[in-house]
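Tertiary structure, described
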Amino acid sequence: MPTPPKNTADQALLQSVTAFLYQEAKYLDALDYDSWLGLFTEDARYWIPLKRDAKDHAAELNHAYDNLLMLRLRAERKSTPDGWGQQPPPATSRVIGNIEVAQQTDGTVQAECTFICWQWYRGKTGSMGGRLFYTLEPAGDSWKIRFKKVQLPAPEVITGADGVMY
Amino acid sequence: MLDSLATSDQYSVDRDRYRSPEQFAREMQAIFHENWVYLCHASEIPAPGDFRRVDVGGIPLIVVRQDDGSIKGLFNRCAHRGTTVCEATRGNAERFVCPYHGWAYKRDGRNQAPSLPKRYANWKDRKGKTDLAAAHTVQEYRGFIFGVMNRAPAQPLEDWLAGAKKVLDVWIDSMADGDHTQICLAPDSQFSRFRGNWKLQCENSVDAYHGEFVHGIYFRQLFKELEAAGQLKKDGLFSSLPPSAVNLGNGHSALLHVPLGKSYDSLDMRIPMIPDGKETLDRLISEVPADEVNIWKERASIAPFNMGIFPNLVILGTQTRRIIPQSPTDTISEYQVILHKNPPSSAVNELRLRYQEQFYGPYGLAAVDDLVVFERTTDGLGAPRPAPVLLNRGTGQGTTDENGWESGDITDEIPQRAFQSQVAQLLDQAA
């Protein structure tokens, strides 16, 4: 479990991860999926479980358990005129908060945060919130996402065709 | 008015069928309350006290397994002031207790006594009058539980199922060697909601005409990945056996991807787009006895048909779809993945789950596009002209197949005509 920063090194780490998560959110709001996909490692996984207490992505039904190919296919749909579920593209504005980080002995970082996403889609406004969990690995002076879990608020969340990525 | 144009090349329905509150109210009563509707699957409520809460055309219902193994459909409405007595979607209950004034009901719906009974004169003489109401009839056909809410069924369930019974039988034989208890639904559901009439989802689930238009991007991506994997067949994706659209009677219909009972191995072409698809398929092949690999590859893949069981159940791909009307232009669809209870390799069910997530689910790459089309249809039908909604594709060109079913090209609107004719007939009978 991540803990609040205790010293300068911790604070530097928190600052660095915070900048990274803000950048990710900015790419998603800008619908800049090429840049967003560039934040993931080649072997990355992107998981949206169906349930809050999901444990086994393989044996349970998920909303998504993507490898990089699936993420690319999603992104591709968003720039295609007949990707009907993306026409017109959704507009979003998201706030990332409550960021916590924990350095692991293997050099990776476990990070988690909350998000609130205001969204507009096909004439309707709405919002989604939830919690994001990351495994980040160092890449130059920044990070790459090896694993990301999007925890939506409840299994009963009924999803329309809004096509918003979190 | 009864449809008299079922065989005419002018077959069409009025736009009010997708919009009008009066039409919707009549449908809920005549179709959802007075005739057979799908409730849930037996695997969801295996033990006494197990329940599944569902919405049946606005009637909140608790489907509960009884101590003797039978199934009851209890109206989820306290006999006192009307509060629901069950909130959970699924669970096991000894009793259902109203949160408002504490009235408690046994799992068979019996109310022993009002809480704090002293201020009720002669409550002992009113025994039975403060029980939960129940659906008139609840009955299972090979794992699928149906009910009639408000009256005695006009037809026995098996007659009502008509040709759908045969398709179910053949499918259960091939999926589970005839033992339907080997088929179960995954314990969690996905849901989608769209701004449109419930019949749009029913019609779309058995519509092969829309595939290359609504899902063009999906198929382009699939072809590309198949090509990259060296798996793109020259003669196309699908089986060389002829597909068809069939009218199964009583509003039921199916798209048969291959003739009924024929083998349909569609797994290999889905593997390149499924995360860990190849590894999971390799594991299936290594864990399943060699002489059963082809059978289990088929069982790990989609059903050889899309079948609409009138009015609210679709068996399609890897899933059951329950269509839950909310208002004339508001509908919820519930998706549940059909799984094998005791597969020889966990890879079998994993491949089914992954395909569901990838294609059909609310975050899938295909079914979300249908939802947008439903909403655009709802908007478009605001215009009163040029004409009613056309469902006349392939009229007059059908034949009768070897099962005695009206049959046509898989893109013909036979399923939609079958469905809408049944809607019209049931409303006409109720009028």
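Treat the numbers as computed from the prediction; the structure is a model and nothing was measured. Along each chain, residues carry numbers from 1 onward, in the same order as the chain's sequence is written. The lettering of chains begins at A and the numbering of ligands begins at 1, in the order of writing. In keeping with the model being predicted, local features are shown solely for residues with a pLDDT of at least 70 and side-chain atom pairs are shown and tallied solely at 80 or more, while totals for entire chains, interfaces and linings include all residues. Side-chain calculation: all heavy atoms of the structure are included, whereas hydrogens and water are not.

1. Digging into the nonpolar core
Applied cut-off: Nonpolar cores are built from buried Ala, Val, Leu, Ile, Met, Phe, Trp, Tyr and Cys residues. Side-chain atoms within 4.5 Å join them into one set. Each residue is placed in one exposure class: buried if its accessible area under a 1.4 Å probe, protein chains only, is under 20% of its type's maximum, exposed if it is over 50%, and partly exposed if it falls in between. Every helix listed is a DSSP run of H or I at least four residues long, and every strand listed is a run of E at least two residues long, numbered separately from the N terminus. The contact rule is simple, with two residues in contact once any of their heavy atoms fall within 4.5 Å.
Among the nonpolar cores identified, the biggest contains 78 residues, and Trp171(B) and Met307(B) are the most heavily contacted of them. The element contributing the most residues to this core is helix α3 (residues 163-176) of chain B, with seven residues. Setting aside chain neighbours within four positions, we find Trp171(B) in contact with Phe144(B), Ala303(B), Pro304(B), Phe305(B), Ile315(B) and Ile338(B). By size, the runner-up hydrophobic cluster in this structure holds 39 residues, among which are Ala64(A), Phe115(A), Tyr134(A) and Val150(A).

2. What about the interface of chain B and chain A?
Applicable threshold: A simple way to read buried area is as the amount of 1.4 Å-probe accessible surface that goes missing from two parts once joined, with both sides added. Think of a salt bridge as a Lys or Arg side-chain nitrogen and an Asp or Glu carboxyl oxygen that are within 4 Å of each other.
The interface of chain B with chain A comprises 37 residues on the first partner and 34 residues on the second. Summing both partners gives a buried area of about 3400 Å² for chain B against chain A, and 56% of it is carried by carbon and sulfur. Looking at the side of chain B facing chain A, the largest losses of area belong to Asp188(B), Tyr363(B) and Leu365(B), adding up to 22% of the total buried there. Seen at the junction of chain B and chain A, the total is six salt bridges. Notably, a salt bridge pairs Arg77(A) with Asp369(B), separated by 3.1 Å at the nearest N-O pair.

3. Here's the deal with the packing of aromatic side chains
Residue and element names in this part refer to chain B. Keep this limit in mind: The aromatic pairing rule takes the rings of Phe, Tyr and Trp, using the six-membered ring of Trp, and pairs them if the centres are within 6.5 Å, calling planes under 30 degrees apart stacked, those over 60 edge-to-face and the rest tilted. The criterion for a charge sitting over a ring is simple: Lys NZ or Arg CZ within 6 Å of the ring centre, and within 35 degrees of the ring normal.
Overall, the coordinates contain 23 aromatic pairs over all chains when judged by the stated rule. Note on Phe 194 and Phe 374: the rings are 4.8 Å apart at their centroids and 55 degrees apart in plane angle, and the pair reads as tilted. Taken together, the positions of Phe 194 in strand β12 (residues 190-194) and Phe 374 in helix α10 (residues 367-380) put the pair 180 residues apart, joining distant regions of the chain. We note Lys 199 situated over the ring of Tyr 18; from NZ or CZ to the ring centre the distance is 5.7 Å. Above the ring of Tyr 209, the side-chain terminus of Arg 393 is found at 3.9 Å from the ring centroid.

4. Section: the sheet that holds strand β3 (residues 91-103) of chain A
Through backbone hydrogen bonds, the strands of a sheet pair up, either in parallel or in antiparallel fashion. Residues and elements named next belong to chain A. As a reminder of what qualifies: A pair of strands is considered paired only if DSSP assigns at least 2 bridges between the two. Structural elements are reduced to axes, namely lines fitted to C-alpha atoms, with helices fitted over the stretch in contact, and the angle between N-to-C directions of any two is expressed from 0 to 180 degrees.
Spatially, the six strands line up as an open sheet ordered β2-β1-β6-β5-β4-β3, and their pairing is mixed. The sheet is open, and its two borders are formed by β2 (62-66) and β3, each paired with just one other strand. For this sheet, the mean angle separating the axes of adjacent strands, direction not counted, is 20 degrees. Of the pairings in the sheet, the one linking strand β4 (residues 109-121) to strand β5 (residues 124-139) comprises 13 bridges and is antiparallel in character. Pairing of Val 109 across the sheet is with Leu 136, part of β5. Strands β3, β4, β5 and β6 (142-151) of the sheet are contacted by helix α1 (residues 8-29), whose axis makes an angle of about 160 degrees with β3.

5. A word on the pattern of salt bridges
Residue and element names in this part refer to chain B. Evaluated as defined, the whole model comprises 32 salt bridges over all chains. Arg 52 is the partner of Glu 334 in a salt bridge, and the nearest nitrogen-oxygen pair spans 2.9 Å. Note that Glu 334 is positioned in strand β18 (residues 330-340) and Arg 52 in strand β3 (residues 50-56), a separation of 282 residues in sequence. Taken individually, Glu 334 and Arg 52 each receive the classification buried, so the pair is uniform in this respect. Glu 350 is the salt-bridge partner of Arg 283, the closest N and O atoms lying 2.6 Å from each other. Taken together, the positions of Arg 283 in helix α7 (residues 277-287) and Glu 350 in helix α9 (residues 346-360) put the pair 67 residues apart, joining distant regions of the chain. Residue Glu 350 is classed as buried on the basis of its relative accessible area, which comes to 11%. Within the structure, one salt-bridge network assembled from shared partners comprises Glu 44, Arg 52, Arg 90, Arg 322 and Glu 334.

6. What to know about the sheet that holds strand β10 (residues 144-148) of chain B
Residues and elements named next belong to chain B. Spatially, β2-β10-β9 is the arrangement adopted by the three strands of the open sheet, whose pairing is antiparallel. Two strands in the sheet have a free side with no partner beyond their single neighbour: β2 (37-41) and β9 (137-141). Recorded for the sheet is a direction-independent mean angle of 30 degrees between the axes of neighbouring strands. Alignment of β2 against β10, held across four bridges, turns out to be antiparallel. Note on β10: the bridge partner recorded for Cys 40 is Ile 145.

7. A short note on the packing of helix α3 (residues 68-78) of chain A against helix α6 (residues 216-228) of chain B
Put simply, the rule is: The scheme is simple: roughly parallel for angles under 35 degrees, roughly antiparallel for over 145, roughly perpendicular for 65 to 115, oblique for anything else. In a left-handed crossing the near helix is turned counterclockwise from the far helix by less than a right angle, and in a right-handed crossing that turn is clockwise.
Running from N to C, α3(A) and α6(B) point in directions that differ by 140 degrees, and their axes come no closer than 11 Å. Between α3(A) and α6(B), the crossing angle belongs to the class labelled oblique. Considering only the axes of α3(A) and α6(B), their crossing is right-handed. For the pair formed by α3(A) and α6(B), the contact residues are Leu69(A), Leu73(A), Glu76(A) and Arg77(A) on the first element and Ile217(B), Gln221(B), Lys224(B) and Glu225(B) on the second.

8. Topic: α9(B)
Residue and element names in this part refer to chain B. Where we set the bar: Take the residue count of a helix, subtract one, and multiply by 1.5 Å to get its expected span. Under this definition, polar contacts are N or O atom pairs within 3.5 Å; protein pairs additionally need one hydrogen-donor-capable and one acceptor-capable atom, and for neighbouring residues in sequence, both atoms have to be side-chain atoms.
The first and last C-alpha atoms of α9 sit 21 Å apart over 15 residues, in line with the 21 Å expected at 1.5 Å per residue. Among the 15 residues that make up α9, 14 are buried, leaving the element largely enclosed by the rest of the structure. One side-chain oxygen of the residue at the start of α9 lies 3.0 Å from the amide nitrogen of Ala 347, identifying that residue as Ser 345.

9. Observations concerning the confidence of the model for chain B
Residue and element names in this part refer to chain B. Definition in use: For every residue, the predictor assigns a confidence score, pLDDT, that lies between 0 and 100.
Counting all residues, the mean pLDDT for chain B is 93, and 97% of those residues have values of 70 or more. Scored below 50 in pLDDT, residues 1-6 shows 14 contacts in the model against residues more than four places distant or in partner chains. Across the interface, the model reports ipTM at 0.93; the global pTM reads 0.95.

10. Digging into the pairing of β2(A)
Side-chain positions along a regular strand alternate between the two faces of the sheet. Residues and elements named next belong to chain A. Of all five residues making up β2, five are buried, and the element is well covered by its neighbours. Pairing geometry for strand β1 (residues 40-49) and β2, over four bridges, is antiparallel. Pairing of Pro 49 across the sheet is with Asn 62, part of β2.

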